Amino acid sequence: MFRQPGGRLRDLSLLLVLAVAIVLDGGAAALAGAPPKYDHIVVVIMENHSFDEIARPSAAPYLQQLARNGALFDNSHGVAHPSQPNYLALFSGSTHGVRDDGFHEIASPNLADRLHAVGKTFLGYAEVRSPRKHNPWQSFTDAGKAGKSLTEFPRDYARLPAVSFVIPNLANDMHDGTILQADAWLRAHLKTYANWSRRHNSLLIVTFDEDDYRLENRIFTVFYGAGIKPGRYGERIDHYSLLRTIEDIEGTAPLAATVVRKPIASAWDER
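Residues numbered from 1 in each chain as written. Predicted model: local features only at pLDDT ≥ 70, side-chain atom pairs only at ≥ 80, totals over all residues. Heavy atoms only, no water.

**Q** Sorry if this is basic, but what is going on with the overall build of the protein here?
**A** Along the protein, the regular secondary structure elements total seven helices and nine strands. Taken across its 271 residues, the protein has 52% of its residues classed as buried. Look at the contacts in the protein between residues 6 or more apart in sequence, and 75% of them connect residues 24 or more apart. Counting every atom, the protein has about 12800 Å² of accessible surface; 55% of that belongs to carbon and sulfur. (Helix = DSSP H or I, 4+ residues; strand = E, 2+ residues; numbered from the N terminus. Buried < 20%, exposed > 50% of the residue type's maximum accessible area, 1.4 Å probe, protein only. Contact = heavy atoms within 4.5 Å. Areas by Shrake-Rupley, 256 points an atom, 1.4 Å probe, with all protein chains shown as cover.)

Shown next as structure tokens:
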């Protein structure tokens, strides 16, 4: 069969080399899109403003500074209205059929459970007078003890848990107060962590629960810290893909809807 000297053997060898190269290149591409492993992730959730409102020149100077030096996702979306379902989605991968901001007690797996299962910790830091509907751990029967006062947010950031949620109160999350007031609050409370994160393999995520009831529910989401390639990214993301990204970073099993979502693939520095 292979009697021609060099001929078919060379062709088969070339095909084999090309096939191996394609497989290896595909694997490298998949790895290139994978988020890095972080020591600490801090997620701050603001309220009820659209992407355009926050991106408008001078509207939110500190958030815009984070966006210029971090990764801004301009195709980021909430998953529901009103507020509470979005917080539940980000914490557990499901809205659990909740369509209001009422009192709910949910017996279901959540991010705190998943992190505990792999020997890691979640803590939610809520500012005084932050409403229960914005503190998602309080709605889960086995996660109530995962909450602390924001006054307990450590000054030594190396003592932070693997994943933290930071929840301002209504005056400081843009719900009742102004955009500028909340932006100044964010600078005052998270700027030193943001600066620290770049040098200590950590990540700051600032996102919103929902927009102001526009059709697309398009919100402002920015990543800032180590391993981030600054830029503006059009990858479509939402609270489920954000949670799936955190799960991927922490090595936890996906929750509910995140099973069929992929982690965010853009914005990671490939060096």
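**Q** I tried to follow the pattern of salt bridges on my own but got confused; where do I start?
**A** Pairs can form between side chains of opposite charge once their charged atoms are near each other. Applying the stated rule across the entire model yields seven salt bridges. Across the pair aspartate 52 and arginine 218 runs a salt bridge whose closest N-O atoms are separated by 3.3 Å. Taken together, the residues aspartate 52 in helix 2 (residues 51-55) and arginine 218 in strand 7 (residues 218-225) connect sequence positions 166 residues apart. Using a relative accessible area of 43% as the deciding quantity, one classes aspartate 52 as partly exposed. For aspartate 212, the salt bridge goes to arginine 214, with nearest N and O atoms at 3.1 Å. (Salt bridge = Lys/Arg side-chain N within 4 Å of Asp/Glu carboxyl O.)

**Q** For this particular structure, what's the right way to read the packing of aromatic side chains?
**A** The description of an aromatic ring pair rests on the distance of the ring centres and on the angle between the ring planes. Tallied over the full model, the rule gives 15 aromatic pairs. Look at tyrosine 38 and tryptophan 268: their rings are 6.4 Å apart centre to centre, the planes differ by 50°, and that puts the pair in the tilted class. Here the residue tyrosine 38 occupies a position in the loop between helix 1 (7-32) and strand 1 (40-46), and tryptophan 268 occupies one in the segment after helix 7 (239-250), the gap between them amounting to 230 residues. Here the aromatic rings of tyrosine 157 and tryptophan 196 are separated by 5.6 Å at their centres, their planes lie at 65°, and the arrangement is edge-to-face. (Phe/Tyr/Trp six-rings, centres within 6.5 Å; stacked < 30°, edge-to-face > 60°.)

**Q** Please explain the pairing of strand 3 (residues 122-126) as it appears in this structure.
**A** The side chains of a regular strand alternate between both faces of the sheet. Of all five residues in strand 3, five are buried; the element is thus mostly enclosed. Side-chain alternation along strand 3 places Phe122, Gly124 and Ala126 on one buried face and Leu123 and Tyr125 on a second face that is also buried. Bridge analysis of strand 3 against strand 4 (residues 147-149) gives three bridges, and the strand direction is parallel. By the bridge assignment, alanine 126 is partnered in strand 4 with serine 149. (Pairing = 2+ DSSP bridges.)

**Q** How do you make sense of helix 4 (residues 83-92) when you look at a structure like this?
**A** The periodicity of an α-helix, 3.6 residues per turn, causes residues three or four positions apart to be oriented the same way. Most of helix 4 is tucked away, with ten of its ten residues classed as buried. For helix 4, the complete set of buried residues consists of Ser83, Gln84, Pro85, Asn86, Tyr87, Leu88, Ala89, Leu90, Phe91 and Ser92. On its buried face, helix 4 sits against strand 1, helix 5 (111-117), strand 3, strand 5 (163-167), strand 6 (202-208) and helix 7. Glycine 93 sits one or two residues past helix 4 and shows a positive phi near 80°.

**Q** Can you walk me through the packing of helix 4 against helix 7 in this structure?
**A** When two helices pack together, their arrangement is given by the angle between the helix axes and by the axis-to-axis distance. Contact geometry of helix 4 with helix 7 gives a least axis separation of 8 Å together with a crossing angle of 25°. If you check the angle between helix 4 and helix 7, you find them roughly parallel. Considering only the axes of helix 4 and helix 7, their crossing is right-handed. Residues Asn86, Ala89, Leu90, Phe91 and Ser92 of helix 4 touch helix 7, and the partners they reach there are His239, Tyr240, Leu242 and Leu243. (Axes fitted to C-alpha atoms, helices over the stretch in contact; angles between N-to-C directions. Parallel < 35°, antiparallel > 145°, perpendicular 65-115°, else oblique. Left-handed = near helix turned anticlockwise from the far one by under 90°.)

**Q** Please explain the nonpolar core as it appears in this structure.
**A** Side chains of nonpolar character tend, in soluble globular proteins, to be buried together. Within the largest apolar cluster, 40 residues are counted, with the highest numbers of intra-cluster contacts made by Phe122, Phe165 and Phe223. For this core, the secondary-structure elements that each account for two or more residues are strand 1, strand 2 (71-77), helix 4, helix 5, strand 3, strand 5, strand 6 and helix 7. Every residue in contact with phenylalanine 165, bar those within four places of it in the chain, is listed here: Val43, Ile45, Leu90, Phe91, Leu111, Phe122, Leu123, Gly124, Tyr125, Pro136 and Trp137. The next biggest cluster of nonpolar side chains, apart from the first, holds 34 residues, and it includes Val42, Met46, Val166 and Ile219. (Core = buried A, V, L, I, M, F, W, Y, C linked by side-chain atoms within 4.5 Å.)

**Q** Sorry, what's going on with the pairing of strand 5 here?
**A** Among the five residues in strand 5, five count as buried, and that is most of the element. In the sheet, strand 1 pairs with strand 5 via four bridges, with the strands oriented parallel. Its bridge partner being in strand 5, isoleucine 41 is matched across the sheet by valine 163. In terms of strand pairing, strand 3 meets strand 5 through five bridges, oriented parallel. Its bridge partner being in strand 5, phenylalanine 122 is matched across the sheet by valine 163.

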